[in-house]
Amino acid sequence: MEMKENEDLTLEQMRAQAAILKEKLAKEKLVNEDMVKKAIMKDYSLIRRHVVIEVAAAVSVIVWAFTYLPFILHTSIFFNIFTVLMMLVCMGTTIYLLGRIRSTDAYTMDMASSARRMKKLKREYDIFWKLSFIPLLVWIAWFGIEISRSVDEALLGGVTVGAIIGIIVAFRMRSNLMNAFNDVIEHTKEE
């Protein structure tokens, strides 16, 4: 009889320990999920900042196309119109693709939905990025022709340095954006 009581007591202790362990695991899972969601929110925020920076840059180039290009560099009206149209398309595509992301989505979406969304956005943005090289190369060649006709060598050097810096900044921003996409995808894989 005493042996049965010892077994019952041992069984009760094991059940109590199992319940405590189960509770700790549930809390740990909630903490881990919360940490993942906070990390995802940080990446979403970075993507949203990218949109703001890209739109601000596009607006600056549009203003530049109406002020600096025609009056200082004496570029043709057709080149200026092409520049503005190219910036409007880039700005619109960026807003369309990335503007739909809200930082709060990390808390309202499940991890699988978030991963699918990021994979889709990453793929779409990558396609947009690659397709944008065609008009960019046309613009660079046309810009070279436009400024070589009417600019002195000192100004040409400054424009060239500015173009190189702009290209470096664009590639850096794209790299940061792709890292944010990859981080969200990686975080959601772990869940």
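Reading the values: the criteria
Residues numbered from 1 in each chain as written. Predicted model: local features only at pLDDT ≥ 70, side-chain atom pairs only at ≥ 80, totals over all residues. Heavy atoms only, no water. Helix = DSSP H or I, 4+ residues; strand = E, 2+ residues; numbered from the N terminus. Buried < 20%, exposed > 50% of the residue type's maximum accessible area, 1.4 Å probe, protein only. Contact = heavy atoms within 4.5 Å. Areas by Shrake-Rupley, 256 points an atom, 1.4 Å probe, with all protein chains shown as cover. Salt bridge = Lys/Arg side-chain N within 4 Å of Asp/Glu carboxyl O. pLDDT = per-residue confidence, 0-100. Expected span 1.5 Å × (residues − 1). Core = buried A, V, L, I, M, F, W, Y, C linked by side-chain atoms within 4.5 Å. 1 Å grid on protein atoms, 1.4 Å probe; cavity = no way out; pocket = protein on both sides within 12 Å on 5 of 7 lines; lining within 4 Å. Points joined across faces, edges and corners; volume = space filled by probe spheres on them. Nonpolar A, V, L, I, M, F, W, Y, C, P; charged D, E, K, R; others polar. Patch = residues over 30% accessible without salt bridge, like charges linked within 9 Å, V, L, I, M, F, W, Y side chains within 5 Å. Phe/Tyr/Trp six-rings, centres within 6.5 Å; stacked < 30°, edge-to-face > 60°. Arc of directions from axis to C-beta.

Trainee: Please explain the overall build of the protein as it appears in this structure.
Mentor: A tally of helices and strands in the protein yields seven helices and zero strands. Counting all 191 residues of the protein, 30% fall into the buried class. Counted over contacts in the protein with a minimum sequence separation of 6, partners at least 24 positions apart contribute 86%. Per element, the accessible surface of the protein, about 12500 Å² overall, is 68% carbon and sulfur.

Trainee: Got a minute to help me understand the pattern of salt bridges in this structure?
Mentor: For side chains of opposite charge, pairing can occur when their charged atoms come near one another. If you walk through the whole model with that rule in mind, you get three salt bridges. Between Glu 124 and Lys 120 there is a salt bridge whose closest N-O contact spans 3.9 Å. One end of the pair is Glu 124 and the other is Lys 120, both in helix H5 (residues 111–131) and four residues apart, which spans about a single turn. Among the residues examined, Glu 124 registers a relative accessible area of 23% and is labelled partly exposed. Of the residues examined, Lys 120 reaches a relative accessible area of 43% and is grouped as partly exposed.

Trainee: So what exactly am I meant to see when it comes to the confidence of the model for the protein here?
Mentor: Low-confidence regions, as indicated by low pLDDT, have predicted coordinates that should not be scrutinised in detail. Looking at the protein, pLDDT values average 79 and 77% of them are 70 or higher. Model confidence for the protein, summarised as mean pLDDT per element, is weakest for helix H4 (residues 105–108) at 61 and strongest for helix H3 (residues 77–98) at 91.

Trainee: Looking at this model, I keep getting lost on H3. Mind explaining?
Mentor: Under the 1.5 Å per step criterion, the end-to-end length of H3 is 31 Å for 22 residues, consistent within 8% with the ideal 32 Å. What H3 keeps buried is the set Phe 79, Asn 80, Thr 83, Val 84, Met 86, Met 87, Met 91, Thr 94, Leu 97 and Leu 98.

Trainee: I would appreciate a short explanation of the nonpolar core in the present structure.
Mentor: Considering soluble globular proteins, one finds that nonpolar side chains tend to be buried as a cluster. Membership of the largest hydrophobic core comes to 33 residues, with the highest contact counts inside it found for Ile 47, Leu 98, Met 118, Tyr 125, Phe 143 and Phe 181. Of all the secondary-structure elements, those providing two or more residues to this core are helix H1 (2–66), helix H2 (68–73), H3, H5, helix H6 (133–150) and helix H7 (153–190). Among the elements that line this core, the one with the most residues is H1, at eight residues. The residues touching Phe 181, leaving out its near neighbours within four places in the chain, are Ile 47, Leu 98, Met 118, Leu 121, Lys 122 and Tyr 125.

Trainee: Explain the layout of surface pockets here, please?
Mentor: Where empty space is left becomes clear once a probe the size of a water molecule has been rolled over the atoms. Space inside the largest pocket adds up to approximately 1100 Å³. Forming the walls of the largest pocket are 39 residues, and the residues nearest its centre are Met 87, Leu 136, Gly 166, Ile 167 and Ala 170. Elements represented by at least two residues in the lining of the largest pocket include exactly H1, H3, H5, H6 and H7. Per-element accounting of the lining of the largest pocket gives the leading share, 13 residues, to H7. Per-class residue counts for the lining of the largest pocket are 29 nonpolar, eight polar and two charged.

Trainee: So what exactly am I meant to see when it comes to a nonpolar patch on the surface here?
Mentor: Residues Ile 77, Phe 78, Ile 81, Leu 85 and Leu 88 make up a contiguous nonpolar surface patch of about 520 Å² in total accessible area. Along the polypeptide, Leu 88 turns up in helix H3. On the basis of relative accessibility, which here comes to 41%, the residue Leu 88 falls in the partly exposed class.

Trainee: What is the right way to look at the packing of aromatic side chains in this model?
Mentor: Scanning the model with the defined rule gives eleven aromatic pairs in all. Pairing Phe 79 with Phe 143 gives two aromatic rings, centres 5.7 Å apart and planes at 20°, and the pair type is stacked. Here Phe 143 lies in helix H6 and Phe 79 lies in helix H3, a separation of 64 residues in the sequence. As far as the burial class goes, Phe 79 and Phe 143 line up, both buried. Taken together, the ring pairs connect Trp 64, Tyr 68, Phe 79, Phe 82, Trp 139, Trp 142 and Phe 143 into an aromatic cluster.

Trainee: Could you clarify how one ought to interpret H6 in this entry?
Mentor: Count 3.6 residues to each turn of an α-helix, and residues three or four apart come out pointing the same way. The end-to-end C-alpha distance of H6, which contains 18 residues, comes to 26 Å, matching closely the 26 Å that a straight helix rising 1.5 Å per residue would cover. For H6, the complete set of buried residues consists of Trp 139, Phe 143, Glu 146 and Ile 147. For H6, the buried positions fall inside an angular range of 85° around the axis, keeping them on one side. Those residues of H6 that are exposed and aimed more than 90 degrees away from the buried face are Ile 134, Leu 137, Ser 148 and Arg 149.

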